[in-house]
Amino acid sequence: MTASPDRPARPDRAPLPREFFDRPVLDVAPDLLGRTLVRITDDGPVELRLTEVEAYAGEIDPGSHAFRGRTARNAVMFGPPGHAYVYFTYGMWHCLNLVCGPEGTASGVLLRGGEILVGADHTRKRRLSARHDRELAKGPARLATALDVDRALNGTDVCAGPGEPLSILTGTPVPKTQVRTGPRTGVAGSGGDGTRHPWRFWIDGDPSVSPYRAHVPRCRRT
């Protein structure tokens, strides 16, 4: 919605500028908590308040898709900050990430959980197994499913503003006293439990935050 001359735009509805994402991933990730993700679907708009994220530091991070360098799959991660990186996993689910840091660094933030603010009716149709609205986007695959995110959105500029299929608004940043951090979910690290990289950030006590799941090594087939 465009503000009229006598009706200034609300600060919380302003799109986040590209400079917000052009910072180190460990600065961007916790600062995304409380921001508003807007998805324009065929059914109508959906808005989500981000409550849980994880940071991935590119080629210096074994948990990152970019750890072994650039490929056709992860090329968006090496591009300009403020774009969506969408990947398909386990042959079933999509996950949504936001590229950050200087171009070429390939760092990004995985969006793990959020609270649906607008368009819950649209998301319920895609998340029939959710028992409560707080579960609609509780976990990265559920978040992507609720927002109808797939690879067609890979590379979308989330800083382009209203009318784009994906955008990020200023929202209401969370006070640092409410931010918690711990091991990333399902990512190996020191001791096999991800403690080398405690780069998961969430809003303390928020019911849309997913439960922690430690890394479980896969058995190799013989």
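Residues numbered from 1 in each chain as written. Predicted model: local features only at pLDDT ≥ 70, side-chain atom pairs only at ≥ 80, totals over all residues. Heavy atoms only, no water.

Caption draft 1: Looking closely at the overall build of the protein chain. Summing up its helical and strand segments, the protein chain has four helices and eight strands in all. Reading the secondary structure of the protein chain in the N-to-C direction produces α-α-β-β-β-β-β-α-α-β-β-β. Residue burial in the protein chain is summarised as follows: out of 222 residues, 49% are buried. By sequence separation, contacts in the protein chain at least 24 residues apart represent 62% of the contacts at least 6 residues apart. (Helix = DSSP H or I, 4+ residues; strand = E, 2+ residues; numbered from the N terminus. Buried < 20%, exposed > 50% of the residue type's maximum accessible area, 1.4 Å probe, protein only. Contact = heavy atoms within 4.5 Å.)

Caption draft 2: Examining the pattern of salt bridges more closely. The full count for this structure, using the stated rule, is 18 salt bridges. Its salt-bridge partner being Arg39, residue Asp148 comes within 4.0 Å of it at the nearest N-O pair. Of this pair, Asp148 sits in the loop between helix H4 (140–146) and strand E6 (166–169) while Arg39 sits in strand E1 (residues 36–40), and the two are 109 residues apart along the sequence. Note on Asp148: relative accessible area 31%, which makes it partly exposed. With relative accessibility at 8%, the residue Arg39 sits in the buried group. (Salt bridge = Lys/Arg side-chain N within 4 Å of Asp/Glu carboxyl O.)

Caption draft 3: A look at a nonpolar patch on the surface. Residues Tyr90, Met92 and Trp93 make up a contiguous nonpolar surface patch of roughly 380 Å² in combined accessible area. Along the polypeptide, Tyr90 turns up in the loop between strand E3 (84–89) and strand E4 (93–100). (Patch = residues over 30% accessible without salt bridge, like charges linked within 9 Å, V, L, I, M, F, W, Y side chains within 5 Å. Areas by Shrake-Rupley, 256 points an atom, 1.4 Å probe, with all protein chains shown as cover.)

Caption draft 4: Broad picture of the side chain of Glu54. Counting through the fold element by element, Glu54 comes out in strand E2 (residues 45–56). By relative accessible area, Glu54 is classed as buried at 0%. A polar contact of 2.6 Å, which involves the side chain of Glu54, links it to the backbone nitrogen of Thr185. Setting aside chain neighbours within four positions, we find Glu54 in contact with Gly108, Val109, Leu110, Arg112, Arg184, Thr185, Trp199 and Arg200. (Polar contact = N/O pair within 3.5 Å; in protein donor to acceptor, adjacent residues only side chain to side chain.)

Caption draft 5: Local environment of the environment of Gly114. Considering the arrangement of structural elements, one finds Gly114 in strand E5 (residues 107–118). The exposure class of Gly114 is buried, given its relative accessible area of 2%. Separated by 64 residues in sequence, Gly114 and Leu50 place their C-alpha atoms 4.4 Å apart. Those residues in contact with Gly114 that lie beyond four places of it in its chain are Leu48, Arg49, Leu50, Thr51, Ala137, Leu143 and Ser208.

Caption draft 6: Geometry of the side chain of Glu47. With respect to the secondary-structure elements, Glu47 resides in strand E2. Discounting chain neighbours no more than four positions away, the residues touching Glu47 are Arg13, Thr36, Leu37, Val38, Glu115, Ile116, Leu117 and Val118.

Caption draft 7: Just the environment of Glu54, in detail. Placed 24 residues apart in sequence, Glu54 and Pro30 show a C-alpha to C-alpha distance of 8.6 Å. Looking at Glu54, its side chain comes within polar contact range of the side chain of Tyr56, at 2.8 Å.

Caption draft 8: Geometry of the pairing of E5. By the criterion of burial, E5 is predominantly enclosed, with nine of the twelve residues buried. Of the strand pairs in this sheet, E4 and E5 are connected by four bridges, and their pairing is antiparallel. Bridge pairing links Val99 to Gly108 in E5. Here E4 folds back onto E5 in antiparallel fashion, the turn holding six residues, of which Gly101 has a positive phi close to 80°. (Pairing = 2+ DSSP bridges.)

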